[in-house]
Amino acid sequence: MSTSFRKHDLPDHIEQLAHDVIGAAIEVHRELGPGLLESVYEQALLHELNLRNIHAQSQVEIAVIYKDAVIKGQRIDLLIENTIVVELKSIAQLTDIHKAQLLSYLRAGRFPLGILINFNTKLLRDATHRVLNERAIPASKEPASSPSRSSRSNQDTTC
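Definitions and limits used
- Residues numbered from 1 in each chain as written.
- Predicted model: local features only at pLDDT ≥ 70, side-chain atom pairs only at ≥ 80, totals over all residues.
- Heavy atoms only, no water.
- Helix = DSSP H or I, 4+ residues; strand = E, 2+ residues; numbered from the N terminus.
- Polar contact = N/O pair within 3.5 Å; in protein donor to acceptor, adjacent residues only side chain to side chain.
- Core = buried A, V, L, I, M, F, W, Y, C linked by side-chain atoms within 4.5 Å.
- Buried < 20%, exposed > 50% of the residue type's maximum accessible area, 1.4 Å probe, protein only.
- Contact = heavy atoms within 4.5 Å.
- Expected span 1.5 Å × (residues − 1).
- Arc of directions from axis to C-beta.

*Asks:* Account for the side chain of Arg130, naming residues and giving values.
*Replies:* Mapped onto the fold, Arg130 is located in strand E5 (residues 128-133). Side chain to side chain, Arg130 and Glu15 meet in a polar contact 2.8 Å long.

So, in structure tokens, the structure goes:
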């Protein structure tokens, strides 16, 4: 993983969507505060996104391909408009393994952006991390129907 992430690497519609999702998460945290179960935050965020007319799915199964075999069993907490993966936590502290878990989801589904959010904190902005899958950044700045692979880079970045 690299730290060369630049916001302008993503199309504007994905940046705006990420901004809206983080805003919804901040609203949930403002209302509920820290200390609840991850599943409570997931349902509350799903409701808040719905109120904002942002399409989100919860507990989306994602398969991993291993030597031509489809391995099932992983689930994404929230998939936002088939573009952004949101991984929620309610733990004492995030570690690198949580970012690696999110990156594996991004790679498996070829999604361009992931947002890792830990609700067990006083200030949500201090526990929100973006993970970029440069392999899946749409080549065009226009909205795409589904994420596509970019030939610009094979690196993945976090910020």
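From this point, the narrative continues.
*Asks:* Which residues make up the nonpolar core, and what values go with them?
*Replies:* Within the largest apolar cluster, 27 residues are counted, with the highest numbers of intra-cluster contacts made by Leu45, Leu49, Ile80, Ile84 and Val86. Elements with a contribution of two residues or more to this core: helix H1 (12-32), helix H2 (38-51), strand E2 (69-80), strand E3 (84-89) and strand E4 (113-118). With 8 residues, the top contributor of residues to this core is H1. Excluding its chain neighbours within four sequence positions, the residues that come into contact with Leu49 are Val21, Ala24, Ile54, Ala56, Leu78 and Ile80. By size, the runner-up hydrophobic cluster in this structure holds 13 residues, among which are Val60, Leu79, Val85 and Phe111.

*Asks:* Got a sec to walk through helix H3 (residues 96-109)? Specific residues and values, please.
*Replies:* Across its 14 residues, H3 extends 20 Å between first and last C-alpha, which sits within 8% of the 20 Å expected from 1.5 Å per residue. Among the residues making up H3, those that are buried are His98, Lys99, Leu102, Leu103, Tyr105 and Leu106. Burial along H3 is one-sided: seen end-on, the buried residues are contained in an arc of 155°. Facing away from the buried surface of H3 by more than 90 degrees, the exposed residues are Asp96 and Ile97. Arg110 sits one or two residues past H3 and shows a positive phi near 55°.

*Asks:* Before we move on, can you summarise unusual backbone geometry with the specific residues and values?
*Replies:* Phi is positive for Lys67, close to 50°, though the residue is something other than glycine. Looking at where Lys67 falls in the secondary structure, it is placed in the loop between strand E1 (56-66) and E2. The exposed category is assigned to Lys67, whose relative accessible area is 69%.

Coordinates in, geometry out; function isn't part of it.
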